[in-house]
Amino acid sequence: MYATVSDMIARFGETQMIRLSQPEDRTAETVDAGRIETALSDVSAVIDGYIRGRYLAPIANPPPEIVRAACVLARYELAQGEHVEPSEEMGKARAATITWLENIARELINLDVPAALPAGPAVGSGPRMSDRERVMSLETLRGF
């Protein structure tokens, strides 16, 4: 996972995380860490889908922008359910984060993480030589 429960609490506050992780219990005073971890695991897989072609996924030491993206996406996921709906602010933040991930996939944005190795030979890897002699040459075509 790219973020932790404590990252979510630090970014959005404990009160909001209690409300989003336990929407059916308005008297709850503690965070449902399991529910938050499930959302973080789900969005980590989504992030991997965007970055997998360019970077080694999952990223072992994610940069702060990936942690932030995971938190924003997980908050939106937690806000979807029977008793709660994502706010307009959450929807805009999610849309901006998805656009940012799409730009990473399109190679418009670069991360400071190890790049994925190319799967096959590089395009334009140089001239190729053949070991056979030419069948047609100026000398064999004389007289035609």
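Before any of the text, the structure's been laid out above.
To start, this report covers the structure provided alongside it. (Residues numbered from 1 in each chain as written. Predicted model: local features only at pLDDT ≥ 70, side-chain atom pairs only at ≥ 80, totals over all residues. Heavy atoms only, no water.)

**Quick look at the packing of aromatic side chains**
Move 1: Within this structure, the stated rule accounts for zero aromatic pairs.
Move 2: The side chain of Arg94 reaches across the aromatic face of Tyr76, ending 5.1 Å from its centre. (Phe/Tyr/Trp six-rings, centres within 6.5 Å; stacked < 30°, edge-to-face > 60°. Lys NZ or Arg CZ within 6 Å of the ring centre and 35° of its normal.)

**Topic: the pattern of salt bridges**
Side-chain pairs of opposite charge can arise whenever the charged atoms involved come near each other.
Move 1: Scanning the model with the defined rule gives three salt bridges in all.
Move 2: The shortest N-O distance in the salt bridge between Arg75 and Glu89 comes to 3.6 Å. Here Glu89 lies in helix α5 (residues 88-105) and Arg75 lies in helix α4 (residues 64-78), a separation of 14 residues in the sequence.
Move 3: Residue Arg75 is classed as buried on the basis of its relative accessible area of 6%.
Move 4: On the basis of relative accessible area, Glu89 is assigned to the exposed category, the value being 55%.
Move 5: For Glu102, the salt bridge is made with Arg106, and the minimal N-O distance between the two is 3.9 Å. (Salt bridge = Lys/Arg side-chain N within 4 Å of Asp/Glu carboxyl O. Helix = DSSP H or I, 4+ residues; strand = E, 2+ residues; numbered from the N terminus. Buried < 20%, exposed > 50% of the residue type's maximum accessible area, 1.4 Å probe, protein only.)

**What about a nonpolar patch on the surface?**
Move 1: Where nonpolar side chains cluster on the molecular surface, the patch consists of Val135, Met136 and Leu141 and spans about 340 Å² of accessible area.
Move 2: Mapped onto the fold, Val135 is located in the segment after α5.
Move 3: A residue is classified by how much of its surface remains accessible, and Val135, at 71% relative accessible area, is exposed. (Patch = residues over 30% accessible without salt bridge, like charges linked within 9 Å, V, L, I, M, F, W, Y side chains within 5 Å. Areas by Shrake-Rupley, 256 points an atom, 1.4 Å probe, with all protein chains shown as cover.)

**Section: α4**
Note on helix geometry: an α-helix contains 3.6 residues per turn, so any two residues three or four positions apart are oriented the same way.
Move 1: An ideal rise of 1.5 Å per residue puts 21 Å on 15 residues; α4 measures up with 21 Å between its terminal C-alpha atoms.
Move 2: Taking burial as the measure, the 15 residues of α4 include eleven buried ones, the bulk of the element.
Move 3: Against α1 (5-12), α2 (14-21), α3 (33-51) and α5 lie the buried residues of α4. (Expected span 1.5 Å × (residues − 1). Contact = heavy atoms within 4.5 Å.)

**Some points on a negative patch on the surface**
Move 1: Among the surface-exposed residues, Glu24, Asp25, Asp32 and Glu82 lie close enough to one another that they form a single negatively charged patch.
Move 2: Tracing the backbone through its elements, the reader meets Asp25 in the loop between α2 and α3. (Lys, Arg positive; Asp, Glu negative; His and termini not counted. Charge placed at Lys NZ, Arg CZ, Asp CG, Glu CD.)

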